[in-house]
Amino acid sequence: MTPPSPQQSAEPLALVVGEALIDVVHRADGTVDEHPGGSPANVALTLGRLDRRAQLLAWIGTDSYGDRIRGWLSGSHVELAPGSDGAASTSIATAHLGADGGATYDFDLTWALPADVVIPDETVVVHTGSIAAVLEPGAAGVRRVLAAARPRATVTYDPNIRPTLMGQPGDVRPVVESLVASADVVKVSDEDLHWLYPGADLDVVATRWQRSGPAVVVVTYGGDGAVAVTADHRLEVAAPRVEVADTVGAGDSFMGALLHGLWSAGLLGAAHRAQLAAIDEATLTAVLEQCVKVAAITVSRAGANPPRLRELTPTV
């Protein structure tokens, strides 16, 4: 593991660590689509489309599916970190969509990291989540990357639970809680919290998580918006009403928009950790309102297809 050097030498960078794979989507009408995906990869894609420099540290093959992922990332200006193509084959996730657009997943997946990960000097935020943060042997490497980057970068995390891969809640909970405590910003869905803590009050869980370490914990509620908890505030934002095509990638686009918004507010990078912890209500509200807008656009379209920055800018 090569840690960041004391000097930044190029355009600030978001390093996203986690799985990129091919989603094979079985729709309720019987049609089947194949397209690139993976929770962290979708976060990186969202950042790229919002005109942020993003690099994805993943584990894909040099096969045709890997080629599709490389082209997909490149089309949104996302860099693939060196060594990310060392897998024997590219992983596959099979999604089954219900009549409401909701997805359930099965996986044919292996997760590892390159032997010698280099954290670019200019990294201001490192994000991870979902399968990559839990599934060994790669999960141990993810934790090392987060620890090495923390002296220079903001650390963010989205559990994005996949029950078919992660086992029982009691087994996963300590891993998730450890990652939460080491992060500066956490985004989690209400569905994930219900799975981790059956019957619990989600506000109580979010507050406990925030007090364990993060400056900000955001709980998303799909079409009902989001709730954010900081040391000083609890605030809610509503989600725009849209016709839902499917929910694939919605939470990931929200996460990417959250990083983009905090970046725009000058709150990313370890040097800004105190300012992030003291984020004011107006700033956080503006960031979250953009997040729910980005997620709403994503669910209005088939697949993980987040908007580009120009789609968020009103035309005169």
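Given the structure is predicted, the values throughout are model-derived calculations rather than measurements.

On to the packing of aromatic side chains. In total, this model carries one aromatic pair according to the counting rule given. Ring geometry for Tyr-197 versus Trp-209: centroids 6.3 Å apart, planes at 70°, classification edge-to-face. Here Tyr-197 is found in the loop between helix 6 (190-196) and helix 7 (202-211), whereas its partner Trp-209 is found in helix 7, with 12 residues between them in sequence. Accessibility classification places Tyr-197 together with Trp-209 in one group, the buried group. For Arg-208, the ring lying beneath its charged end belongs to Tyr-197, and the centroid distance is 5.3 Å.

Turning to the nonpolar core, a few remarks are in order. Val-145 and Trp-209 are the most contacted members of the largest nonpolar core, which has 54 residues in total. Listed in part, the 51 residues of the second largest apolar core include Leu-73, Ala-226, Leu-259 and Leu-288.

Across the sheet, four strands lie side by side as 3-2-6-7; this open sheet has mixed pairing. Two strands bound the open sheet, and with one partner strand each, they are strand 3 (32-37) and strand 7 (103-108). Geometrically, the sheet is characterised by an average inter-axis angle of 25° between neighbouring strands, direction not taken into account. Across five bridges, the pairing between strand 2 (residues 21-26) and strand 6 (residues 92-97) is parallel. Each residue of the ladder has a partner; that of Asp-23, found in strand 6, is Ala-93. Against the sheet, helix 2 (residues 64-74) touches strand 2, strand 3 and strand 6, its axis set at about 65° to strand 3.

What follows deals with the side chain of Ser-189. Mapped onto the secondary structure, Ser-189 falls in strand 10 (residues 185-189). A relative accessible area of 15% places Ser-189 in the buried class. Within polar-contact distance, the side chain of Ser-189 engages the backbone nitrogen of Asp-192 at 3.0 Å. Setting aside anything within four residues of it in sequence, one finds Ser-189 in contact with Val-219 and Thr-220.

With that out of the way, let us pick up helix 2. An α-helix turns once per 3.6 residues; consequently, residues spaced three or four apart project the same way. The complete set of buried residues in helix 2 reads Tyr-65, Gly-66, Ile-69, Trp-72 and Leu-73. Down the axis of helix 2, the buried set is contained in an arc of 125°. They therefore lie on one face. Residues of helix 2 that are buried sit in contact with strand 2, strand 3, helix 1 (39-49), strand 4 (54-57), strand 5 (78-80) and strand 6.

Before going further, it helps to spend a moment on the sheet that holds strand 12 (residues 226-229). With respect to topology, nine strands assemble into an open sheet ordered 5-4-1-8-9-10-11-12-13, the strand pairing being mixed. Among the strands making up the open sheet, the edge pair consists of strand 5 and strand 13 (234-237). On average, each strand axis in the sheet is tilted by 20° relative to the strand beside it, whichever way the strands run. Taken together, the five bridges between strand 1 (residues 13-17) and strand 8 (residues 123-129) define a ladder with parallel strand orientation. Bridged to Val-17 within strand 8 is Thr-128. With respect to the sheet, helix 10 (residues 281-299) is in contact with strand 11 (216-220), strand 12 and strand 13, its orientation differing from that of strand 13 by roughly 30°.

If you trace the backbone, Val-217 turns up in strand 11. The buried category is assigned to Val-217, whose relative accessible area is 1%. With 33 residues separating them along the chain, Val-217 and Asp-184 place their C-alpha atoms 8.6 Å apart. For Val-217, the contacting residues outside a window of four places in its chain are Val-186, Ala-206, Trp-209, Gln-210, Val-227, Ala-228 and Val-229.

The next point concerns the pairing of strand 3. Two strands pair when backbone bridges link them, and strand 2 and strand 3 are joined in this way by six bridges, in the antiparallel orientation. Each residue of the ladder has a partner; that of Asp-23, found in strand 3, is His-35. Linking two consecutive strands that pair antiparallel, namely strand 2 and strand 3, is a turn of five residues; a positive phi of about 95° is found at Gly-30 within it.

About the criteria used
Residues numbered from 1 in each chain as written. Predicted model: local features only at pLDDT ≥ 70, side-chain atom pairs only at ≥ 80, totals over all residues. Heavy atoms only, no water. Phe/Tyr/Trp six-rings, centres within 6.5 Å; stacked < 30°, edge-to-face > 60°. Helix = DSSP H or I, 4+ residues; strand = E, 2+ residues; numbered from the N terminus. Buried < 20%, exposed > 50% of the residue type's maximum accessible area, 1.4 Å probe, protein only. Lys NZ or Arg CZ within 6 Å of the ring centre and 35° of its normal. Core = buried A, V, L, I, M, F, W, Y, C linked by side-chain atoms within 4.5 Å. Pairing = 2+ DSSP bridges. Axes fitted to C-alpha atoms, helices over the stretch in contact; angles between N-to-C directions. Contact = heavy atoms within 4.5 Å. Polar contact = N/O pair within 3.5 Å; in protein donor to acceptor, adjacent residues only side chain to side chain. Arc of directions from axis to C-beta.

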